[in-house]
Amino acid sequence: MGRRGKKKGRPVSGWLVLDKPVGMGSTEAVSKIKWLFQADKAGHAGTLDPLASGMLPIALGEATKTVPYVQDGAKIYRFTVAWGDERSTDDLEGPVTNSSDKRPAETEVRALLPKYTGVIMQTPPQFSAIKIAGERAYDLARDGETVDIPAREIEIGRLDVIEHSGERTIFEVECGKGTYVRSLARDMGRDLGCFGHIAELRRIEVEPFTQEDFVTIAELEAARFGGEGDGDPDTADDASDAADLPVDFTAIDALLVDTSAALDCLPQVAISDDAAVKIRLGNPVIIRGRDAPVEAEEACATARGRLVAIGAIEQGMFKPKRVFAG
């Protein structure tokens, strides 16, 4: 008797803007969402540490093709720096490595902000996913090695003090891709001569999504199971294990943001249904209309408001690079 094949998940597509709770890893969160939607494909747009909370955009189905555009978007974090201790992980998880009795005045903290605004060089934390000679820095750090991680260029749009109490300062930062907030806490603490580490971290925006798009695990479970418990199997990442659960996904699917939202940063081109068929077959089409762009390295084509493809516009023709199912 042959083994029964593994069932595929649903071909559901869209973005789920999860308000990730503290204690849940990003991979665990993706597995949970994939299981709740019984989706055939899922991925996230930017890791959020287990000790951090807040926005973790999760792409389902066709939306996974748009992940790079969200990863490149600006991000806003609200974070608390505890002064006096520097830790190996630059947050609460690691042991104390340096201490000071000094506590900075609010004027000292504010005077430091211009140094951390604009395009700056930043060294990622020892406990980070940066690859060193093919290995993750955090794996080397856990083995007791101190690794030389080169500084890299990042961009800080703004860095504001929200509240200062002497022992702690609450900041809000708007930053570009590749910024480590833990490194900000570490470096500011060293500059102030008092050391510091992240005590709380919450991501509140990932462009183009805002806090209005937030969905919690509790809201997802209520939509999926009607408040009768989540029935979460031991293997939450296996959608086929939920085959005996209710199959009405109307309520939970309504919590998704359309795949095209991730591409608001690109020029938009409206096309006909006939043109959409040609594009989905990989063929270029002539772009018509007075307002249609003549040239664009990247643009997205839509038909009746539905995303059809990402492509380039050259000499008045849309040439598809990545197509989406209708």
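Rules used in this analysis
- Residues numbered from 1 in each chain as written.
- Predicted model: local features only at pLDDT ≥ 70, side-chain atom pairs only at ≥ 80, totals over all residues.
- Heavy atoms only, no water.
- Helix = DSSP H or I, 4+ residues; strand = E, 2+ residues; numbered from the N terminus.
- Buried < 20%, exposed > 50% of the residue type's maximum accessible area, 1.4 Å probe, protein only.
- Contact = heavy atoms within 4.5 Å.
- Areas by Shrake-Rupley, 256 points an atom, 1.4 Å probe, with all protein chains shown as cover.
- 1 Å grid on protein atoms, 1.4 Å probe; cavity = no way out; pocket = protein on both sides within 12 Å on 5 of 7 lines; lining within 4 Å.
- Points joined across faces, edges and corners; volume = space filled by probe spheres on them.
- Nonpolar A, V, L, I, M, F, W, Y, C, P; charged D, E, K, R; others polar.
- pLDDT = per-residue confidence, 0-100.
- Phe/Tyr/Trp six-rings, centres within 6.5 Å; stacked < 30°, edge-to-face > 60°.
- Polar contact = N/O pair within 3.5 Å; in protein donor to acceptor, adjacent residues only side chain to side chain.

### Examining the overall build of the chain
Item 1. What the chain contains, in helices and strands, is eight helices and 17 strands.
Item 2. Per-residue burial for the chain yields a buried fraction of 49% across its 326 residues.
Item 3. Restricting to contacts in the chain with at least 6 residues of sequence separation, those with at least 24 account for 71%.
Item 4. Counting every atom, the chain has about 16,500 Å² of accessible surface; 48% of that belongs to carbon and sulfur.

### Examining the layout of surface pockets
Item 1. Volume-wise, the second largest pocket comes out at about 250 Å³.
Item 2. Forming the walls of the second largest pocket are 17 residues, and the residues nearest its centre are L51, A199, E200, L201 and R202.
Item 3. Mapped onto the lining of the second largest pocket, the elements with two or more residues apiece are β4 (75-83) and β12 (196-206).
Item 4. Looking at which element gives the most residues to the lining of the second largest pocket, the answer is β12, with five residues.
Item 5. Residues of the lining of the second largest pocket, tallied by class, amount to nine nonpolar, two polar and six charged.

### Observations concerning the confidence of the model for the chain
Item 1. On average, residues of the chain score 89 in pLDDT, and 85% of them reach the 70 mark or higher.
Item 2. The low-confidence segment residues 233-243, where pLDDT is below 50, has 19 contacts with residues more than four positions distant or belonging to other chains.

### Regarding the packing of aromatic side chains
Item 1. Enumeration over the complete set of coordinates arrives at four aromatic pairs.
Item 2. Taking the centre distance of 5.2 Å and the plane angle of 15° together, the rings of F79 and F171 count as stacked. Of this pair, F79 sits in strand β4 while F171 sits in strand β11 (residues 168-175); the two residues are 92 residues apart in sequence, bridging distant segments of the chain. Just as F79 is buried, F171 falls in that class too.

### Thoughts on the side chain of T66
Item 1. Among the secondary structure elements, T66 is positioned in the loop between β3 (53-60) and α2 (67-71).
Item 2. A residue is classified by how much of its surface remains accessible, and T66, at 0% relative accessible area, is buried.
Item 3. Engagement of the side chain of T66 in a polar contact is seen with the backbone oxygen of A63, the distance being 2.7 Å.
Item 4. If sequence neighbours within four positions are ignored, T66 has contacts with W15, T259, A262, L263 and F324.

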